[in-house]
Amino acid sequence: MQDARSQSEAIKNISLIPLRDIVIFPSTLVPFIIGRPSSIQALEMATEKDKMLFLTAQMDPTLDNPTPKDIYSVGVIAKIIRAIKMDDKNVKVIVEGRKRARVIEYLSTYPYFQVLVKEVREIEGDASETNEILKRVLTLFEDYLKLSQNANFESIVPALKDNNPERIADIISSHLYLPLEEKQNLLETISVQERIRRLNYILESEILKVHSRLKKDGKKSGRRKLPLGEAGQKVFPTGLSFRKEDQPNEIEELKQKVAKCKMPKDAEEKSYKEIERLEAMPPMSAEATVCRNYLDWLTSLPWNKKSREKRDLKEAEKILNEDHYGLEKVKERILEYLSIRRLVKNPKGIILGFIGPPGVGKSSLGRSIARATGRKFVRLSLGGVRDEAEVRGHRRTYIGAYPGRIIQMVKRAGTKNPVFLLDEVDKMSMDFRGDPASALMEVLDPEQNSTFLDHYIDTDFDLSQVMFIVTANMIEPVPRPLIDRMEVIRLPGYTEDEKLQIAKHFLLSKQLKIHGLKENNLQISDKTFMRIIREYTREAGVRNIEREITSLCRKVVKHVVDKGKSHSEKVSVKNIEKYLGIPRFRRSEIDKKDEVGVAIGMAWTEFGGELLTFEVTKVHGKGNFMLTGHLGEIMQESAQAAFSYVKGKIYEFGIAKDLHKNYDIHIHVPEVAQPKEGPSAGITIATSIISLLTDIPVSKKVAMSGEITLKGKVLPVGGVKEKLLAAHRESIKEAILPLDNKPDLKDLPKNIKEDMKIHLVENMDEVLSIALTKELPIKVKKDKPPVSSDLEESEEEGDALRSRM
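Residues numbered from 1 in each chain as written. Predicted model: local features only at pLDDT ≥ 70, side-chain atom pairs only at ≥ 80, totals over all residues. Heavy atoms only, no water.

(A) Region of the structure containing the overall build of the protein chain. When helices and strands are tallied, the protein chain shows 28 helices and 24 strands. For the protein chain, the proportion of contacts with a sequence separation of at least 24, taken over those separated by at least 6, is 73%. When the accessible surface of the protein chain is totalled, it reaches about 42,500 Å², and 50% of it is carbon and sulfur. (Helix = DSSP H or I, 4+ residues; strand = E, 2+ residues; numbered from the N terminus. Contact = heavy atoms within 4.5 Å. Areas by Shrake-Rupley, 256 points an atom, 1.4 Å probe, with all protein chains shown as cover.)

So, in structure tokens, the structure goes:
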């Protein structure tokens, strides 16, 4: 019984995967791909259970469905380290071999193999004799690795040190290129000493084969005795001579490439120094590969290549107008830059920042600018980038080092003056690996980017002639120093008229071409477009409008295929629901009836402007107030300020004198799921509270936005254009804004100025006179408004007097 226990361990119930052309040994990490459904099921079962599998080779690798008699009985118990799904059929698996084992019984063969296995304990022989043979095997294995030039010598040899003989034997066995039967024989040899002897014989035979092959090829093969060859060249430990003459073509080609590049002096010196290092290295060493990669990057960068720019202003203007409707400010800035180019030979590159909601054309503008100026275009998305090395690159001391994305994109452009779009800069983040926004400061600074230093390239590269365009939906997440380095151009949402023109002249023709339709196949009237814009989309840009037009085109394509190419369809206001379904948005017309305690506020979001309804009611209580509607901290503080302002005015207007002890005020902003933030709701909340207490309705034709102070002053707010666009979209006729926002009205579209009456105010008295449908009660002049304690005292005195009477 004792002998039996020394030979084997406990029995284990485990899933089996048969392998083709591969034998896995204990103490090794091996990747392989499985594709058979049965093997994938076995893998899934093992992953759910304890991540342990039994792996053994099948005798005939051509069999797709092997039976137990086609599979070797001895294999290895392995742990699943990682499983990666490559596609619908294949899974890449990385396993670590743990112990030898033998199949005792097949429990099931469908849907996958489930077996009972016994762990096999290895037999150790005489330790001193085993160690002697092992030393010789290690020397032979080192020679074998270098002669074969197929294995990674630097990574394998350290793994063999400080290990026991069993592990060393298994690691060596796994790295030999042998027939399957030979490797299976090594796996089944449970005596460690016998296995090492077998390896000694195999390695001697393999080395002799390599030497004889090299002699046939005319190459010299000596022994390890001489440190130098006959001509004084280096001799490596394998005994194989290495001569510089073996790689003359590569070195000469690299020198010619460096000469053609016309690099700056510092870069050229680094290149030649790296070539000298490469010349002294063995061709197959890992360091030589690092050198080659570095030289490839240096020689492939456009040190002096430039695109020839178009300087014809009329042609550039024509291209910009072809690609985009409106956006006059951006077009004007590009034409100004091209005008400077005609007078100044080498002006500094410009850095533009496009800030605006999604779908207004920020990214496509970059491509259009490149086309108008005749430059190459490259785009780098910064969304989710959190590592500084993504921008500056890794130092070459790291394994797998690479240049940063800036240098990669410049290489892809092939010129030193491309239009470089840095997209979604507000979506960057930072972690322990550094802040990429800080690294961008050097890239976007015209005073510094002429000497941009990438950690991998390790020499200055001139980015001063690159035209950088930075895009973001919101300006707040972008660091202030970064904003300071760019010329910010805001792109607010489009008006309904602008959307109509874009849909008619750009989006429809684009989608007709994509779907293979002609103009006569699909006709859409202006009124139909307006219904799509108003009832099927609600956005600042035009992406959803394009989706709806795409949906129309798909349905028409189906009819054209069925009825012939001459088939024509007219989509009208009446039949639009047949194509697009029930409208997604109901134009609220903001409940035309004026109401007490309900006011309309204008809000800004990263997707454009929105209108919010503020509702206020009073309930029995003790003068407190409640806020609901998913309001942020700043908006809550703004509401508190508005409430305090109203409480201070109660006695001045002679209204709701018992508010402090009989009623609570409840303020609610509908659409609770949407978070709301910002100080610009102050005057709206104050107006709705005063409307409630005075019982005077607020006009539904008026929308407002402004921050309130405790003294009733109205402070300026942001996002004015987007807010007014939203109000105009919802048919609001009047808007109340702070007087300090007057400069923001300069860029408003003409039709908004004509359709809306915009009131600029300085204090709440002006707001109330415009927003309320009736005048407020006449003010009661008092030297000092009474406070609650005074009121209570006066009431007590009155009661005392009545009791005396």
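(B) A positive patch on the surface, seen in detail. Where like charges cluster on the molecular surface, the positive patch consists of Lys 306, Arg 308, Arg 311, Arg 342 and Lys 345. If you trace the backbone, Lys 306 turns up in the loop between helix 10 (286–300) and helix 11 (313–323). (Patch = residues over 30% accessible without salt bridge, like charges linked within 9 Å, V, L, I, M, F, W, Y side chains within 5 Å. Salt bridge = Lys/Arg side-chain N within 4 Å of Asp/Glu carboxyl O. Lys, Arg positive; Asp, Glu negative; His and termini not counted. Charge placed at Lys NZ, Arg CZ, Asp CG, Glu CD.)

(C) Fine view of unusual backbone geometry. Backbone torsion omega between Tyr 110 and Pro 111 reads 5 degrees, so that peptide bond is classified as cis. Not every positive phi belongs to a glycine, and Ser 27 is a case in point at roughly 65 degrees. Considering the arrangement of structural elements, one finds Ser 27 in the loop between strand 1 (8–19) and strand 2 (29–34). Here the phi dihedral of Lys 262 falls at roughly 55 degrees; this positive angle occurs in a residue that is not glycine. The topology assignment puts Lys 262 in the loop between helix 8 (248–261) and helix 9 (265–279). Judged by relative accessible area, which is 60%, Lys 262 ranks as exposed. (Buried < 20%, exposed > 50% of the residue type's maximum accessible area, 1.4 Å probe, protein only.)

(D) Structural context of the packing of aromatic side chains. On inspection of all chains with the given rule, the structure shows six aromatic pairs. Ring plane angle 80 degrees and centroid distance 5.6 Å describe the contact between Trp 297 and Tyr 402, whose orientation is recorded as edge-to-face. Separated by 105 residues along the polypeptide, Trp 297 in helix 10 and Tyr 402 in the loop between helix 14 (389–392) and helix 15 (405–413) bring together distant segments of the chain. Judged by relative accessible area, Trp 297 falls into the buried class, the value being 8%. Using a relative accessible area of 45% as the deciding quantity, one classes Tyr 402 as partly exposed. Ring centres 5.4 Å apart and planes at 35 degrees place the aromatic pair Phe 420 and Phe 468 in the tilted group. Remark: Phe 468 occurs in strand 12 (residues 467–472) and Phe 420 occurs in strand 9 (residues 419–423); sequence separation between them is 48 residues. Look at Phe 420 and you get buried, because its relative accessible area is 0%. Taking the ring centre of Trp 297 as reference, the NZ or CZ of Lys 411 above it sits at 4.1 Å. (Phe/Tyr/Trp six-rings, centres within 6.5 Å; stacked < 30°, edge-to-face > 60°. Lys NZ or Arg CZ within 6 Å of the ring centre and 35° of its normal.)

(E) View of the sheet that holds strand 13 (residues 487–490). Strand order across the open sheet formed by five strands is 8-9-12-7-13, with parallel pairing between neighbours. Looking at strand neighbours, the two that pair on one side only are strand 8 (377–381) and strand 13, the edges of this open sheet. Sheet twist, expressed as the mean angle between neighbouring strand axes with direction ignored, is 20 degrees. Contacting strand 8 and strand 9, helix 15 runs over the sheet at an angle of about 155 degrees to strand 8. (Pairing = 2+ DSSP bridges. Axes fitted to C-alpha atoms, helices over the stretch in contact; angles between N-to-C directions.)

(F) Examining the nonpolar core more closely. If you look at the biggest cluster of nonpolar residues, it comprises 54 residues, and the most contacted ones within it are Ile 406, Phe 420, Leu 422 and Leu 440. Here this core takes six residues from helix 10, the largest share from any one element. When near neighbours in sequence (up to four residues on either side) are disregarded, Leu 440 contacts Leu 382, Val 391, Ile 406, Leu 422, Val 425, Met 428 and Leu 482. Counting residues in hydrophobic clusters, the runner-up holds 51 residues, among them Leu 320, Tyr 337, Ile 524 and Tyr 579. (Core = buried A, V, L, I, M, F, W, Y, C linked by side-chain atoms within 4.5 Å.)

(G) Layout of the packing of helix 9 against helix 10. At a minimum axis separation of 10 Å, helix 9 and helix 10 run at an interaxial angle of 155 degrees. On the basis of the axis angle, helix 9 is roughly antiparallel to helix 10. For the pair helix 9 and helix 10, the sense of crossing is left-handed. Every residue of helix 10 that contacts helix 9 at Lys 270, Ser 271, Glu 274, Ile 275, Arg 277 and Leu 278 is listed here: Glu 287, Ala 288, Cys 291, Arg 292, Tyr 294, Leu 295 and Leu 298. Taken together, the residues of the contact of helix 9 with helix 10 break down into seven nonpolar, one polar and five charged. (Parallel < 35°, antiparallel > 145°, perpendicular 65-115°, else oblique. Left-handed = near helix turned anticlockwise from the far one by under 90°. Nonpolar A, V, L, I, M, F, W, Y, C, P; charged D, E, K, R; others polar.)

(H) Quick look at a negative patch on the surface. Residues Glu 317, Glu 328, Glu 332 and Glu 336 make up a contiguous surface patch of negative charge. Looking at the negative patch element by element, the count peaks at three residues for helix 12 (residues 328–343). For Glu 317, the position within the fold is in helix 11.

(I) The arrangement of the pattern of salt bridges in detail. The final tally for this structure, using the stated rule, is 27 salt bridges. Glu 129 serves as the salt-bridge partner of Arg 197, at 2.2 Å between the closest nitrogen and oxygen. One end of the pair, Arg 197, is in helix 7 (residues 192–216); the other, Glu 129, is in helix 3 (residues 127–148), and 68 residues separate them in sequence. In this structure Arg 197 comes out as partly exposed when scored by relative accessible area, which is 37%. For the salt bridge of Lys 510 with Glu 546, the shortest nitrogen-to-oxygen distance reads 3.0 Å. Placement of the pair is Lys 510 in helix 18 (residues 496–514) and Glu 546 in helix 20 (residues 543–563), with a sequence separation of 36 residues. The exposure class of Lys 510 is partly exposed, given its relative accessible area of 44%. Glu 546 sits in the buried class, given a relative accessible area of 16%. Several salt bridges converge on common partners, so that one network encompasses Arg 100, Glu 122, Asp 170 and Arg 195.

(J) Representation of the side chain of Arg 375 within the structure. Inspection of the secondary structure puts Arg 375 in the loop between helix 13 (362–373) and strand 8. A polar contact is formed between the side chain of Arg 375 and the backbone oxygen of Asn 417, at a distance of 3.2 Å. With near-sequence residues (within four places) excluded, Arg 375 lies in contact with Ser 307, Glu 309, Tyr 337, Ala 370, Asn 417, Pro 418, Val 419, Gln 465, Val 466 and Met 467. (Polar contact = N/O pair within 3.5 Å; in protein donor to acceptor, adjacent residues only side chain to side chain.)

(K) Main features of the pairing of strand 23 (residues 734–738). Within strand 23, four of the five residues are buried, which leaves the element mostly enclosed by the surrounding structure. By the bridge criterion, three bridges tie strand 20 (residues 702–704) to strand 23 in an arrangement that is parallel. Residue pairing for strand 23: Met 704 is matched across the bridge by Ile 736. By the bridge criterion, five bridges tie strand 23 to strand 24 (residues 757–761) in an arrangement that is parallel. Of the residues in strand 24, the one forming a bridge with Pro 738 is Val 761. For the handedness criterion, the β-α-β arrangement of strand 23, helix 26 (residues 750–755) and strand 24 is classed as right-handed. (Right-handed = clockwise from strand over helix to strand, strands pointing away.)

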